[in-house]
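One-letter residues, chain by chain:
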Amino acid sequence: MMIKNKGNDADKMVPWLQEYSRVASIEWQGIDNVHISHIRNFSYRNETHPAPDWYDCQLKLSDVIATDLVLSYWAGNAIAHVFLSFGFKNGQWLAISIETRRRQNQPWSAFGGFLKNYPLVYVIADERDLIGVRANVRKERVYLYPLNITHQQSQDLFRSYLLRIEKVNQHPEWYNTLLNNCTSNIFHHGKSVSSAVKYDWRILLSGYADRYCYRKNLLDNSLPFEELKKRSRLTSSDASTIGPTYSLDIRRTR
């Protein structure tokens, strides 16, 4: 049964930023089948004028075969936005990003994140949206790493995300810069499916999340870390290249 977001009518009245005007919802159809509504699929010619689009999708958890770690740096090296993307047998990838749900004309600030300013939101989207806007439009430094986990662990991790989305939809939470952010939530999801995930100071400094995963043997250890990071950086290109084969394009050399 689909769990409706409490206060849904009031939620529609809030002037959310366009990219947060709809939130993903989950409807289970048995143990393996799930229907996801409001998967975001924005197109970007520039950051301020996206072409909005959402779609629904029917998926099987048993079709999840891979998980990639994404880090996007917009300033220094210590802080990055961290999120995961899940790969399916048919070649489809869905990224899930844990973010602050902001209203129109509401700026983001790390200090503001310590207060009850931003509801927590899980955005499910095509990679051409979540990764493309960062790498191709904003020209951030974006790194894509395949996680060294089993198909079953990827499926368990994806299920953990979907259950968490249901929980947040039913019982909204506030984002917190220190305690309830993108990295801390990924840590808790990972801890629930792998004993290799243990607390580390790098959880607080999200820009080092890839180094943390490397030391936990969750990334390819056949290369020195710095070489792996160099090879994992996405090449920035013109925004017009963000097309329907984007997920395949960014993995051609990997």
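Definitions and cut-offs
- Residues numbered from 1 in each chain as written.
- Predicted model: local features only at pLDDT ≥ 70, side-chain atom pairs only at ≥ 80, totals over all residues.
- Heavy atoms only, no water.
- Core = buried A, V, L, I, M, F, W, Y, C linked by side-chain atoms within 4.5 Å.
- Buried < 20%, exposed > 50% of the residue type's maximum accessible area, 1.4 Å probe, protein only.
- Helix = DSSP H or I, 4+ residues; strand = E, 2+ residues; numbered from the N terminus.
- Contact = heavy atoms within 4.5 Å.
- Polar contact = N/O pair within 3.5 Å; in protein donor to acceptor, adjacent residues only side chain to side chain.
- Arc of directions from axis to C-beta.
- Axes fitted to C-alpha atoms, helices over the stretch in contact; angles between N-to-C directions.
- Parallel < 35°, antiparallel > 145°, perpendicular 65-115°, else oblique.
- Left-handed = near helix turned anticlockwise from the far one by under 90°.
- Pairing = 2+ DSSP bridges.
- pLDDT = per-residue confidence, 0-100.

Novice: Quick one: what's the story with the nonpolar core, residue by residue and with numbers?
Specialist: Formed by 49 residues in total, the largest nonpolar core has its most connected members in Ile36, Phe86, Ile124, Phe158, Tyr161 and Leu162. By residue number, the principal contributor to this core is helix α4 (residues 151-170), which donates 6 residues. If we ignore the near neighbours within four places in the chain, the residues touching isoleucine 124 are Ala24, Ile26, Ile36, His38, Ile39, Arg40, Leu94, Ala95, Ile96, Leu162 and Ile165. Formed by 24 residues, the second largest nonpolar core is a distinct cluster that contains Trp16, Ala95, Val123 and Leu144.

Novice: Can you tell me about the side chain of threonine 100, naming the residues and giving the values?
Specialist: Positionally, threonine 100 belongs in strand β8 (residues 93-100). Accessibility expressed as a relative area gives 5% for threonine 100, which makes it buried. A polar contact of 3.3 Å, which involves the side chain of threonine 100, links it to the side chain of arginine 102.

Novice: Give a description of helix α7 (residues 225-232) that names residues and reports values.
Specialist: The complete set of buried residues in α7 reads Phe225, Leu228, Lys229 and Ser232. Angular distribution of buried residues about the axis of α7 spans 100°; they occupy a single face of the element. For α7, the exposed residues lying more than 90 degrees away from the buried face are Lys230 and Arg231. Those residues of α7 that are buried lie in contact with β6 (64-73), β10 (141-146) and α6 (209-215).

Novice: Tell me about the packing of α4 against helix α5 (residues 182-193), and name the residues and values.
Specialist: At a minimum axis distance of 9 Å, the contact between α4 and α5 shows a crossing angle of 130°. The orientation of α4 relative to α5 falls into the category oblique. Crossing geometry of α4 relative to α5 is assigned as right-handed. Where α4 approaches α5, its residues Gln153, Asp156, Leu157, Ser160, Tyr161 and Arg164 are matched on the opposing element by Asn185, Ile186, His189, Gly190, Ser192 and Val193.

Novice: Account for the pairing of strand β2 (residues 33-40), naming residues and giving values.
Specialist: In terms of residue burial, β2 counts as a mostly covered element, since 6 of its 8 residues are buried. Adjacent in sequence and paired antiparallel, strand β1 (residues 25-28) and β2 are bridged by 4 residues, among which glycine 30 carries a positive phi angle near 95°.

Novice: Describe the side chain of asparagine 176, with residues and values.
Specialist: Looking at the secondary structure, you find asparagine 176 in the loop between α4 and α5. Asparagine 176 gets classed as buried once you look at its relative accessible area, which sits at 18%.

Novice: Account for the environment of histidine 81, with residues named and values stated.
Specialist: Looking at the secondary structure, you find histidine 81 in strand β7 (residues 81-88). Note on histidine 81: relative accessible area 11%, which makes it buried. Along the primary structure histidine 81 and arginine 40 are separated by 41 residues, whereas in three dimensions their C-alpha atoms are 18 Å apart. Excluding residues that lie within four positions of it along the chain, histidine 81 makes contacts with Val70, Leu71, Ser72, Trp74, Ser97, Ile98, Glu99, Arg134 and Cys182. Of note is the side chain of histidine 81, whose polar atom sits 2.6 Å from the side chain of serine 97.

Novice: Provide a residue-level description of the confidence of the model for the chain, including the pertinent values.
Specialist: This prediction gives the chain a mean pLDDT of 89; 92% of its residues lie at or above 70. pLDDT under 50 marks residues 1-7. Its contacts with residues more than four places away, or in other chains, come to 12 contacts.

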